[in-house]
Amino acid sequence: MQHEAVLEMRGIYKSFYSVKALQNVDFTLRKGEIHALMGENGAGKSTLIKVLTGVHPKDAGEVFLEGKPIDIRSPEEAQKNGISTVYQEITLCPNLTVAENMYIGRTKGVFTNWKEMRAGATEMLESLGIPAKAEQQLGSCSIAVQQMVAIARAVDMDCKVLILDEPTSSLDESEVAKLFRLMLDLKSRGVGIIFVTHFLDQVYEVCDRITVLRDGHLVGEYEIEKLPRVELVSKMLGKELDDLADIKGDSSSEYAESQEIVYEADGLSSTAGIKPFDFSIHKGEVNGFTGLLGSGRSECVRAIFGADKVISGKVMIDGKEARISKPRDAMKHGIGYLPEDRKRDGIVGDLSVRENIILALQVMKGFFGPISRQKAEEFADEYIKLLDIKTASSDTPVKSLSGGNQQKVILARWLLTNPQYLILDEPTRGIDIGTKVEIQKLVLKLAGEGKSVTFISSEIDEMLRTCSRLIVMRDRKAVGELSGDELTQSNIMNTIAGGDNK
Amino acid sequence: MTASTLKMKTLSIVRKQIFIPIAALLILVVFNLIADPSFFKITYSLSSDGSPILSGYLITILDNASELAILAIGMTLVTAASGGQDISVGAAIAISGSVVLRVLCGDNPRPEEMQASILTAFLISCLVSMLFGAFNGTLVAYFNIQPMIATLILYTAGRSIAAWINNNRLPIISDPSFGYFGTFFPGIPIPTPIFIAVLCMLIIALVLKFTTLGLYTQAVGINPNSAKLNGINPQLVKFITYVIMGLCVAVAGFIKVTRFSTINYSVVAADIEMDAILAVALGGNVLSGGRFNMAASILGAYVIQFLTTTLFKFNVSSAALPAYKAVVVIVLVVLSAPAVREKIGKLRKKITASRLGKEAV
């Protein structure tokens, strides 16, 4: 047992149904260090955190806090023992003040000393350098500050171990910098911080050590200086990373020069508040909408699919005029749509993987044409194999799969309908690098087979790798179109920013 | 090896949803076997007009549970799709029964002969019930009103509407052929409602097999956004479940009025909505919508009737009956609650794990 370890987990096992989520995992956190927990989706990061915080009971293993064995059965117990968690989504109450949020559930007795509470909160905020006032409503602070308040609350409860579960995913760069300053400050006070993130840059910016998990196993614990990025990625993936930049080259499509227009819209707009836009896509083409979050790129594809109410515009499919007023119409014309928010719009959580895969095809077959159980199983097994979906069986509820695998299930759902035009809105968000590459390759393969794909991603390099044409959106308006040699990172940035309006 | 596979099999049955109503039924059966085995005796005799009939507690249970089983079908679908329950079914039964009598009696409450064929009367009551179902469905699906609030309207008004349909008179049908549907057809020893209930179950089984109603209602109940983006119209699906509920109500109402050839507006099918909801809950279905198991719901209906009949048999006064029932219901519902089941599952896992651990040592 290391001397300075504040937290030690030894030989942790945990399985759900027949999925072994953690097998013999060790984890050590030292006093005053920032320790990154890395791994692909489904590697067991969240499960390990949840075991530590008592959300899930462990099947086997031991946990030591400052050398003493402890058995944590609930998040409250974890908190009492000084283990606090700040999640990606803010779990505080936006309509209460900052001070109230910091003390909620912690006051003793029926009466509250408001004055003392405010004073305590102000002191805490000042000492951590958080730009918020105790009397301020939490909802009026920026997301980053809200996150910091959550951290302040955790720190104020005498925490020894602070777990930050993807805290930076909704922050912009300057906010991330502020958060890091706070983390470093806490580190100097001797708090051990577990940092879970997908962003490699951030890991190398603030962390001291990295623990890598893969498929529920511990890969190893490394000091940050001794583990170059490429090695980290290959450890996470368990293989040497494909040369990402190359994937476009090796699938140059025979349809690349095709001028056959599959879908064409003229002055399309919807109730979601986008300015009328023109759009078309050729057979075998991969194009994309790009722009900042909220620029209207998702609203455009929703209008194409009929997901929002279309209020104007003319649509031509294969040269014939078509009316798409609801998703069903779009599906009949061979359009598939993978929505941006997988949990809210994509999966049907309680239904099995099988039922989720056949859903769209089933709807197209109509009310009186149910797919037989046997046929459904064949379809499901085929796509589970084809897309390498990691699931215990096709009967498993889809909500128990990891994010990347859920995304693959939705992809399978649309591939099964054999669409001629597939719209993928942020198919790679929140999923691991390996699956990202797989999905990008799949997109290019589909294009090679003569299908048209519209691809949206927040990561511009991902768009550059896959798309041959980009429509740039700004303030709910299409402001430019880039293709061929114009497709460079700086060109896109300029168009998004509006410096050079083409 | 075979022992362990057998164990696995029993475990998988235990984990299945339908295990709850089956277990409840078994407990009731065993209790009655111990208390008084004659409970299960079925006698064959001749009725006063000379036709053969079967009688006994089991027959009574199967007979009396018919309405509830039929309602459980509709209630399961409504629950799955809209995540709420229709509490107006008792009142709606009064309406549908009243319509049947009104069509058969015309203006005279004590007609010498029926003014229309029984089939016509039944079909008209189906239509009326489905219209009321459509009313509920519109409020829930298109106006987004919580099912319990939406159906509260008809729950409150239904029995007055039923009385108003017959000008608050109590019509009585003297033609014996009308009563055949609620009692026995001459020469057939099994009560007719049992046949009607079985027919309804067959129909719903066929509908679930040959249409996508099951998948649609579940998808809509779990995630309406996602259902919509996959081409399903969530509002229409919810609406349809309420119309189907209306049809179930019409059939149940028809059985109710044919049992006595008359109707009592304020008492007929009183509180049956609660039993129907309970049947769905007993079947282990989540009352907030989503996945459902139709067979378990229907079995739940029979368990409730089994319980009622058992209590009657032990001379529990009808005033005290609901209290006794409540106790049993508490136990059953608590045991079938997902949280409790999860705990039990964990406990079982722990036991097996510690046993395995010992074996390993």
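Bear in mind the structure is a predicted one, so any value in this text is a computation, not a measurement.

1. Some remarks on the overall build of chain A
Phase 1 of the analysis: Each helix and strand in chain A was counted, giving 17 helices and 20 strands.
Phase 2 of the analysis: Taken over the C-alpha trace, chain A has a radius of gyration of 25 Å; the compact-globule value for 502 residues is 23 Å, and the two agree within 12%.
Phase 3 of the analysis: Seen through its principal axes, chain A has C-alpha atoms that stretch 70 × 50 × 50 Å.
Phase 4 of the analysis: Scored against the burial criterion, the 502 residues of chain A give a buried share of 45%.
Phase 5 of the analysis: Contacts spanning at least 24 positions in sequence make up 68% of the contacts within chain A whose residues lie at least 6 apart.

2. Some remarks on the nonpolar core
Phase 1 of the analysis: With 165 residues, the main nonpolar core has B:Leu68, B:Leu71, B:Ala72, B:Ala219, B:Cys248 and B:Val251 as its most contacted residues.
Phase 2 of the analysis: Residue contributions to this core peak at 15 residues, all from helix H12 (residues 234–260) of chain B.
Phase 3 of the analysis: Residues A:Ile130, A:Ala144, A:Met148 and A:Leu232 belong to the second largest nonpolar core, which totals 65 residues.

3. Section: the interface of chain A and chain B
Phase 1 of the analysis: Facing the 24 residues of chain A at the interface are 19 residues of chain B.
Phase 2 of the analysis: Looking at the side of chain A that touches chain B, the elements with two or more residues in it are helix H10 (327–332), helix H11 (342–346) and helix H12 (353–365) of chain A.
Phase 3 of the analysis: Among the elements that take part in the side of chain A that touches chain B, H12(A) stands out by supplying 6 residues, more than any other.
Phase 4 of the analysis: Residue classes in the side of chain A that touches chain B are distributed as 15 nonpolar, 3 polar and 6 charged.

4. Focus: the sheet that holds strand S15 (residues 320–322) of chain A
Residues and elements named next belong to chain A.
Phase 1 of the analysis: Reading across the sheet, the 4 strands line up as S12-S11-S14-S15 and stay open at both edges, with antiparallel pairing between neighbours. In this open sheet, the two strands that pair with only one neighbour each are strand S12 (277–282) and S15. Taking each pair of neighbouring strands and ignoring which way they run, the sheet shows an average axis angle of 20°.
Phase 2 of the analysis: As judged from the 6 bridges shared by strand S11 (residues 261–270) and strand S14 (residues 310–317), these two strands associate in the antiparallel manner. Its bridge partner lying in S14, Glu264 is registered against Met316.
Phase 3 of the analysis: Each of S11, S12 and S14 is contacted by helix H9 (residues 297–305), which is oriented at about 115° to S11, the strand it contacts most.

5. Things to note about the domain arrangement of chain B
When the parts come together, some accessible area is lost, and that loss is often what is quoted as the size of the interface.
All names here are of chain B.
Phase 1 of the analysis: Assigned domains of chain B: these are domain 1 (61–315) and domain 2 (320–361).
Phase 2 of the analysis: For domain 1 and domain 2, the distance between their C-alpha centres works out to 33 Å.
Phase 3 of the analysis: Each side of the interface is counted separately: domain 1 has 7 residues, and domain 2 has 8 residues.
Phase 4 of the analysis: When residues of the side of domain 1 that touches domain 2 are traced back to their parent elements, those giving at least two are helix H13 (272–282) and helix H14 (294–313).
Phase 5 of the analysis: Across the side of domain 1 that touches domain 2, the residue classes tally to 5 nonpolar, 2 polar and no charged.

6. So, the sheet that holds strand S3 (residues 34–38) of chain A
What links the strands of a sheet is backbone hydrogen bonding, and the strands pair in either a parallel or an antiparallel sense.
Residues and elements named next belong to chain A.
Phase 1 of the analysis: Read from one edge of the open sheet, 6 strands run S6-S7-S8-S3-S9-S10, paired in mixed fashion. Two strands in the sheet have a free side with no partner beyond their single neighbour: strand S6 (83–86) and strand S10 (217–223). Strand-to-strand twist in this sheet, taken as the mean axis angle between neighbours without regard to direction, amounts to 20°.
Phase 2 of the analysis: Bridge analysis of strand S9 (residues 209–214) against S10 gives 6 bridges, and the strand direction is antiparallel. In the strand pairing of S10, Thr211 is matched with Glu221.
Phase 3 of the analysis: On the sheet, helix H5 (residues 143–156) packs against S6 and strand S7 (161–165) and is oriented at approximately 175° with respect to S6.

7. Here we look at the packing of H12(A) against helix H14 (residues 403–416) of chain A
Residues and elements named next belong to chain A.
Phase 1 of the analysis: Two elements in contact, H12 and H14, have axes whose closest approach is 7 Å; the angle formed by their N-to-C orientations is 35°. At the point where H12 passes H14, the crossing takes the right-handed sense. Across from Val353, Asn356, Ile357, Ile358, Leu359, Ala360 and Leu361 in H12, the residues of H14 making contact are Val409, Ala412, Arg413, Trp414 and Leu416.
Phase 2 of the analysis: Among the residues forming the contact of H12 with H14, the class breakdown is 10 nonpolar, 1 polar and 1 charged.

Conventions used here
- Residues numbered from 1 in each chain as written.
- Chains lettered and ligands numbered in written order.
- Predicted model: local features only at pLDDT ≥ 70, side-chain atom pairs only at ≥ 80, totals over all residues.
- Helix = DSSP H or I, 4+ residues; strand = E, 2+ residues; numbered from the N terminus.
- Rg over C-alpha atoms; globule rule 2.2 N^0.38 Å.
- Buried ≥ 20, exposed ≤ 12 C-beta atoms within 10 Å, placed from the backbone.
- Contact = placed C-beta atoms within 7 Å.
- Core = buried A, V, L, I, M, F, W, Y, C linked by C-beta atoms within 7 Å.
- Nonpolar A, V, L, I, M, F, W, Y, C, P; charged D, E, K, R; others polar.
- Pairing = 2+ DSSP bridges.
- Axes fitted to C-alpha atoms, helices over the stretch in contact; angles between N-to-C directions.
- Domains from an automatic or database assignment.
- Left-handed = near helix turned anticlockwise from the far one by under 90°.

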